[in-house]
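Letter by letter, the chains look like this.
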Amino acid sequence: MIPLVLFHNSMSSLKPCRATKTTTGEWPNGARENEVIRLRGYLNQEFMPKHVALIMDGNGRWAKKRGLAVQDGHKSGRINLKYLTYNCSNLGIKMLTAYAFSTENWNRSRMEIAFLMTTFEEFIQSLVEDLMTRHDIRFSAIGEKSRLPESLQSAISKAEEMSRTNKGLHFVMAMSYSGRNDVVEAAKIIAKKVERGTLQTSEIDEAMLEQELMTNIGQFPNPDMLIRTSGELRLSNFLMWQLAYSQFYFSDKLFPDFGEEDLLEALASYQYRVSAGFESDWK
Amino acid sequence: MEKQSSSVVVRLLGSLVGYMRRFLFRFLSVGPIPRHMAFILDGNRRYARKWKMDDRMGYKVGFLALMRLMRCCHELGVKYITVYVFSIENFKRRPEEVQTVMELMLEKIEGLIKEEGILNQYGVRVEFAGNLKLLSEPVRIAAEKAMRVTAHNKSLVLVVAVAYTSTDEMAQAAQECCRDKADRGSQQQQLVELADVERHMYMAVAPDPEILLRTSGEKRLSNFLLWQTSNSVLYSPAALWPEVGLRHLVWAVLNFQRVQPYLHKRRNHLYLSTQQ
């Protein structure tokens, strides 16, 4: 393994103008509010993405950097996610899909998994108490719910039931989700239909497969944009089919540090791309 | 006399550059080298516009860049290269443009598979991934001939994704799976498994790519290798495709080497978790 000097990854975003802030994320007095107001001014409601996907990476590293336990990192991640949901709701984004737990994460230690499950329950609880009633947020969960603990499953079904008719931001939480399994499950459903005789093999096409995917809830199944924190440049098996034409935004910030100004910057970068028109050879 | 000496100087310089490049690759080989690299060839038309050429010249320069990069990858030790040449979405462009690309592809394929062509020289096996039924007759025949002629080469596999979209690939794989199960008979209760779907994909000829490089700074996958890139490093330099060079390759490989131990673990976890 070659020891490397880590160069500044300058390809993580395309900014319409320079934003001046320190690399540790510490703000001088009042500067954060000014930054938020300035970025909000750049955003155009017409080009706002309808569906944003979010990979919340970096809780463990954030805690390690501060000398805390991993659990504290997850806790601050949970709090940050609630604020981000609130911000997205205010900005007029229609759907937000967050990658909470992947099928590969089942390989982590049992203690961490148990803590994560309680964190998810607490998060859903705080959603129910606060955002659902005051901001009309609708909650859904996708993934292999059967692998989750009973209490979490009942909390999910309760929250889904309660917010079914809400018209605000649709928050989708992906727990025990894998993009590949999603497609395979859809193929299984279609295979069953073929077996029963209600469908011919030659009739199977993309649209049919897309309909059977887990994410076919809500108005906008395909994300316009994916945000991944903590500087990793990959997809990690999230929303594979649905991200075919989405813009990616990779941020170097760790997830608990990813605040409103970073979200606004990501949206500004998306809008800059979209309003400039796609000049690329590919959609 | 002068002409001879200048060509000697040029040759010396050329061999020096080649020596330095091989030294750099040997240095890189201390760490893990990706087995499979995927490229999205984006920016040919913008390059043509920038240098006031017409699109056809832009594509030709892009092809030269592809050959250049293929040589570098071969020297580095990469075993599989996948290139995204034409998407099913691109058929919706103007007919003249589609015709230009198709003609150029036909010309290049036929040039490549000649005996003294670059493919046989370097031992490159060509595979065409995609819904080849959508291509016109001469192109499809040339593609199949190329696959046949180079089937014995072992050094490097070049997978050309033409008339390809990942969603179409997955839908076709599902269709093939169902057809398979129907042929096998309905006595046993057989469900579609992940391994079945993977077996029927167009890209089953190559393992999952470790690096995906998309030029011209666009940060999208555009329906390319969605299934296979869940654990690949995505790299998106701002250079247009004809401008891509050795430095982008080196940077991509260095980035890959930085995260490789973690990705290796993740890849094993992905297979373990899907066994359940």
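Our structure is the block above this text.
Predicted model only: the values in this text are computed from it and were never measured.

Visitor: Which residues make up the packing of aromatic side chains, and what are the values?
Guide: Within a pair of aromatic rings, the relevant descriptors are the distance that separates the centres and the angle that separates the planes. As enumerated under the stated definition, the model contains 14 aromatic pairs over all chains in all. A centroid spacing of 5.6 Å and a plane angle of 55° characterise the contact between A:Phe123 and A:Phe171, whose relative ring orientation is tilted. Separated by 48 residues along the polypeptide, A:Phe123 in helix α4 (residues 110–135) and A:Phe171 in strand β4 (residues 170–177) bring together distant segments of the chain. Considered together, A:Phe123 and A:Phe171 belong to a single accessibility category, that of buried residues. Ring geometry for B:Phe86 against B:Phe91: centres 4.9 Å apart, planes inclined by 75°, an arrangement best described as edge-to-face. Of the residues examined, B:Phe86 reaches a relative accessible area of 2% and is grouped as buried. Residue classification places B:Phe91 among the partly exposed residues on the basis of a relative accessible area of 27%. Linked through ring pairs, A:Tyr99, A:Tyr177 and A:Phe238 together constitute an aromatic cluster.

Visitor: For the interface of chain A and chain B, give the residues involved together with the corresponding values.
Guide: The parts lose accessible area when they come together, and the size of an interface is often stated as this lost area. Counting from both sides, the interface comprises 50 residues of chain A and, opposite them, 71 residues of chain B. In total, about 5500 Å² of surface goes out of reach between chain A and chain B, with carbon and sulfur atoms giving 58% of it. Linking chain A with chain B are three salt bridges, by the criterion used here. Measuring nitrogen to oxygen at the nearest pair gives 3.2 Å for the salt bridge that ties A:Arg180 to B:Asp208. Across the contact surface, chain A and chain B share 16 residue pairs in polar contact (both at pLDDT 80 or more). Counting residues per element, the ones that place at least two in the side of chain A that touches chain B are α6 (179–196), α7 (206–211) and β6 (247–250) of chain A. The residue inventory of the side of chain A that touches chain B, partitioned by class, reads 24 nonpolar, 11 polar and 15 charged.

Visitor: Provide a residue-level description of the environment of A:Gln211, including the pertinent values.
Guide: On the secondary structure map, A:Gln211 appears in helix α7. Once the C-alpha coordinates of A:Gln211 and A:Ser151 are considered, the two residues, 60 residues apart in sequence, prove to be 30 Å apart.

Visitor: Give me the lowdown on the pattern of salt bridges, citing residues and values where you can.
Guide: One pass over the full model with this rule turns up 35 salt bridges over all chains. One salt bridge in this structure joins B:Lys50 and B:Glu243, with 2.8 Å as the shortest N-O distance. Separated by 193 residues along the polypeptide, B:Lys50 in helix α2 (residues 44–50) and B:Glu243 in the loop between β6 (233–235) and α9 (246–275) bring together distant segments of the chain. A salt bridge links B:Glu218 to B:Arg220, with the nearest nitrogen and oxygen atoms 2.8 Å apart. Salt bridges sharing partners connect three or more residues here, namely A:Arg273, B:Asp42, B:Arg46, B:Arg214, B:Glu218 and B:Arg220.

Visitor: I'd like to hear about the pairing of strand β5 (residues 225–228) of chain A, residue by residue, with values.
Guide: Residue and element names in this part refer to chain A. Covered by surrounding structure in β5 are Met225 and Ile227 together with Leu226 and Arg228, the residues of both alternating faces. In terms of strand pairing, strand β1 (residues 51–55) meets β5 through four bridges, oriented parallel. Note that in β5 the partner of alanine 53 across the bridge is leucine 226. Judged from the four bridges that link them, β5 and β6 form a sheet pairing that is parallel. In the strand pairing of β6, arginine 228 is matched with phenylalanine 250.

The rules we used
- Counting starts from 1 at the beginning of each chain's written sequence and moves along it residue by residue.
- Here every chain gets a letter starting at A, and every ligand a number starting at 1, in the order they are written.
- Totals for whole chains, interfaces and linings use all residues, but because this is a predicted model, local features are given only for residues with pLDDT of at least 70 and pairs of side-chain atoms are given and counted only at 80 or more.
- Where side-chain values are given, they derive from all heavy atoms of the structure, hydrogens and water being excluded.
- Any pair of Phe, Tyr and Trp rings, taking the six-membered ring for Trp, is counted once the centres come within 6.5 Å. Such a pair is stacked with planes under 30 degrees apart, edge-to-face with planes over 60 apart, and tilted for the rest.
- Think of it this way: any DSSP run of H or I at least four residues long counts as a helix, any run of E at least two long counts as a strand, and we number them from the N terminus.
- Burial status follows relative accessibility: with a 1.4 Å probe on protein chains alone, a residue under 20% of its type maximum counts as buried, one over 50% as exposed, and anything between as partly exposed.
- Contact criterion: two residues are considered in contact whenever any of their non-hydrogen atoms come within 4.5 Å of each other.
- Once two parts are put together, the accessible area they lose, assessed with a 1.4 Å probe and summed over both, is termed the buried area.
- Salt-bridge detection follows one rule: a side-chain nitrogen of Lys or Arg within 4 Å of a carboxyl oxygen of Asp or Glu.
- N or O atoms closer than or at 3.5 Å make up a polar contact, with two conditions inside protein: a donor-capable atom paired with an acceptor-capable one, and, for residues adjacent in sequence, both atoms drawn from side chains.
- Each residue gets one of three labels, nonpolar for Ala, Val, Leu, Ile, Met, Phe, Trp, Tyr, Cys and Pro, charged for Asp, Glu, Lys and Arg, and polar for the others, Gly among them.
- Paired strands are those between which DSSP finds at least two bridges.

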